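Commentary on secondary and tertiary structure
This is what each chain is made of:
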There are 2 protein chains.
Amino acid sequence: MRDAEAEAAVDYADLTSAAARGAGVVHRTPVLTSRTVNRRVGAEVFFKCENFQRAGAFKFRGAYNALSRLAEAGEQRGVLAVSSGNHAQAVALAAKLLGMRAIVVMPDDAPAVKLAATRDYGAEIVTYDTKLTTRDALGERIAREQGLAVVPPFDHPHVIAGQGTAAKELFEEVGPLDALLVPCGGGGLISGCAIAAAALAPGCRVIGIEPAAGDDATRSFRTRTLQTCHNPDTIADGARTHSLGKITFPLVLRYVHDMATVTDGELLRAMFFLWERMKIVVEPTGALGAAGLFEGRADVRGGRIGVIVSGGNVDLTIVSRFY
Amino acid sequence: MRDAEAEAAVDYADLTSAAARGAGVVHRTPVLTSRTVNRRVGAEVFFKCENFQRAGAFKFRGAYNALSRLAEAGEQRGVLAVSSGNHAQAVALAAKLLGMRAIVVMPDDAPAVKLAATRDYGAEIVTYDTKLTTRDALGERIAREQGLAVVPPFDHPHVIAGQGTAAKELFEEVGPLDALLVPCGGGGLISGCAIAAAALAPGCRVIGIEPAAGDDATRSFRTRTLQTCHNPDTIADGARTHSLGKITFPLVLRYVHDMATVTDGELLRAMFFLWERMKIVVEPTGALGAAGLFEGRADVRGGRIGVIVSGGNVDLTIVSRFY
């Protein structure tokens, strides 16, 4: 994708446009409520369930928006993503739906189930030896040689605008909220959601929740200087990003009201609560917002509170390991 | 409850009445779809998700209908249920909402988590030694002594009418279907759902699915003579009933089009598929209909197919035991 775009701000009109492109393709995911949760936290809580999104996570929103624009422009021979997680499957599925070629660059020790899922969507897989290669450099070389557009996992205006449609749908369905809790990794989801909040519910406080072991975004937010975390050791594999991005960091500073962290223990407890009581399968990263809510990281009492449940792609053996 | 009622047939007007009583109390549960499932079975499938019902299973529908009528009549001092499963929690919650006293008779080796959940809803628990007492006799004695109405788990017109509102909602939401697959234990759910189908979608074939180890309903259906199974050894704990009931058996013969069985292995495979791919937590009994669909127990190709997912109350350690 063109570097010039990287400097363009994302605004609410971009979300509206992304929503229009996604209509009939991106799932309008359900909003679930729980009397048990409401009683427990003393608030009225609305869970926006992106674990029911296509390919199992919000990532499909951004990927589809970005790829549909590339397909329209017709300048590229296909797309390339560097990811071992939900972004990989999202790009693979979006490319398949749009009839585009997709190459996904994954580490050679990625779980077989993730390789298979990405390949099932029709993407070509290129693996790399994690000891020998830096994956981004490899991805850029392949993209250059084969005329492919690299689709970054979060730091791109079209990706951010797509992710923001999750919160846009939530506000449209339930009206204004007092606070919105959003999982935070590279900041694509929370940036987009905060832009939606600013437009549709200006009084709504947007609070990012990240794993304590990878607290770079919280530190960046507090110091207003971009901080990094190298390979954070957390069960929240979707939030192991090293830092916010060049585009997402300024958006977080501008639109997000607070950031907080939860430990892996708190995260797992929240995740299994969602499984047992709300009967939904959520991945660890997907439970960050709920964990922040349950652990009192935001003042929610008496309010109307939104929580983005960001994904549900989890290996079920997590139960025997951590339950 | 009065014996005279046991002879009254249940008809669609009873379902309409149950739906009106439950409005605003019983959850209108979501209907989920999956492109993956549709592709896999070559049909358009609608899953009615009673795992999202209050107290985690369809049982609340019947319990609330029966108890609200008892509360209105005002003849009893409270209610009594004999159950270690979803019926116990459903009666306990319905009683709490209606301000009624509830006693639940459970075996003394019932899982602590089920005892706690039932007690949390405010019911009094009476345990019995499974080696010494027959539970139904004990329940009847306590009910007589204390002036309580016994609420049977399935063989009662008000219970059956309540359960049928699940299918009523499904037809109202998605229109007529070609087939409806329903888990079958004592036959309360399938009787009620089949009455809804006869009224709202007369062309719809209603097919009951039960565990192979407890195939009494299938044998009863084929022979048109009530058959029994003593303590069937199946993971589907909600379908370990010994036989259809005096009321449900004639209703099954009249309204149900076919019965089939699935093995525990097929059931677990279907259950984990629902967890992994559809991101919903379903209990083994709750996955009976889905297992029947996936294993080809009904001719569904090209059709519009409904599946009742009946409950989601499952101990998560099932993953480490069977995944």
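Okay, helix α10 (residues 216-223) of chain B next. Those residues of α10(B) lying buried are B:Asp216, B:Ala217, B:Thr218, B:Ser220 and B:Phe221. Backbone geometry just downstream of α10(B) places B:Arg224 in the positive-phi region, at approximately 55 degrees.

What follows covers the sheet that holds strand β3 (residues 79-82) of chain B. Adjacent strands of a sheet form backbone hydrogen bonds with each other and so pair up, either parallel or antiparallel. If you walk across this open sheet you meet the four strands as β5-β4-β3-β6 (chain B), and the pairing is parallel. Since the sheet does not close on itself, it has two edges, and those belong to β5 (124-128) and β6 (149-150) of chain B, each with one partner.

Residues and elements named next belong to chain B. Relative to each other, helix α8 (residues 157-174) and helix α9 (residues 188-200) sit at 45 degrees, their axes nearing to 7 Å. Taken together, α8 and α9 sit at an angle that is classed as oblique. Judged by the sense of rotation from one axis to the other, the crossing of α8 with α9 is right-handed. Where α8 abuts α9, its residues Ile 160, Gln 163, Gly 164, Ala 167, Lys 168 and Phe 171 lie against Gly 188, Leu 189, Ser 191, Gly 192, Cys 193, Ala 196, Ala 197 and Leu 200. For the contact of α8 with α9, the residue count by class is eight nonpolar, five polar and one charged.

All names here are of chain A. Its location among the elements puts Gln 53 in the loop between β2 (44-49) and α4 (59-73). With a relative accessible area of 3%, Gln 53 lands in the buried category. Each C-alpha atom of the pair Gln 53 and Gly 311 lies 7.8 Å from the other, and the pair is 258 residues apart in sequence. Beyond its immediate sequence surroundings of up to four residues, Gln 53 is in contact with Val 26, His 27, Thr 29, Phe 58, Phe 60 and Arg 61. Within the structure, Gln 53 has its side chain in polar contact with the backbone nitrogen of His 27 (distance 2.9 Å).

Glancing now at helix α5 (residues 86-98) of chain A. All names here are of chain A. Here α5 contains 13 residues, and its C-alpha end-to-end distance of 18 Å stays within 8% of the 18 Å for a straight helix at 1.5 Å per residue. Within α5, 10 of the 13 residues are buried, leaving the element largely enclosed by the surrounding structure. With its phi angle positive at about 65 degrees, Gly 99 sits one or two positions after the end of α5.

All names here are of chain A. Per-chain confidence: chain A averages 94 in pLDDT, with 98% of residues scoring 70 or above. With pLDDT under 50 throughout, residues 1-8 is counted as low confidence; its partners more than four residues away or in other chains account for 13 contacts. The ipTM, which scores confidence in the relative placement of chains, is 0.93 for this predicted complex, and the corresponding pTM is 0.94.

Conventions we followed
Along each chain, residues carry numbers from 1 onward, in the same order as the chain's sequence is written. Just so you know, chain letters begin at A and ligand numbers begin at 1, following the order they were written in. Reporting of local features is limited, given that this is a predicted model, to residues whose pLDDT is at least 70; pairs of side-chain atoms are given and counted only at 80 or more, and all residues count toward the totals for whole chains, interfaces and linings. Here the side-chain values reflect all heavy atoms present in the structure, with hydrogen atoms and water set aside. Three exposure classes are used, based on accessible area relative to the maximum for each residue type with a 1.4 Å probe and protein chains only: buried under 20%, partly exposed in between, and exposed over 50%. A run of H or I in DSSP becomes a helix once it reaches four residues, and a run of E becomes a strand once it reaches two; helices and strands are each numbered from the N terminus. A pair of strands is labelled paired if DSSP reports no fewer than 2 bridges between them. In this analysis an axis means a line fitted to C-alpha atoms, helices contributing only their contacting stretch, and an angle means the value between N-to-C directions, from 0 to 180 degrees. In this scheme, roughly parallel covers angles under 35 degrees and roughly antiparallel covers those over 145, while 65 to 115 is roughly perpendicular and the rest are oblique. Less than a right angle of anticlockwise turn of the near helix away from the far helix marks a crossing as left-handed, whereas a clockwise turn marks it as right-handed. A contact between two residues is defined here by any heavy atoms of the two lying within 4.5 Å. Under the grouping applied here, Gly and all other residues not named as nonpolar or charged are polar, the nonpolar ones being Ala, Val, Leu, Ile, Met, Phe, Trp, Tyr, Cys and Pro and the charged ones Asp, Glu, Lys and Arg. Residues adjacent in sequence count toward polar contacts only when both atoms are side-chain atoms; beyond that, a polar contact is any pair of N or O atoms within 3.5 Å, and within protein one must be able to donate a hydrogen and the other to accept it. In this scheme, a helix's expected span is set at 1.5 Å multiplied by one less than its residue total. A residue's pLDDT is the confidence the predictor assigns to it, expressed on a 0 to 100 scale.

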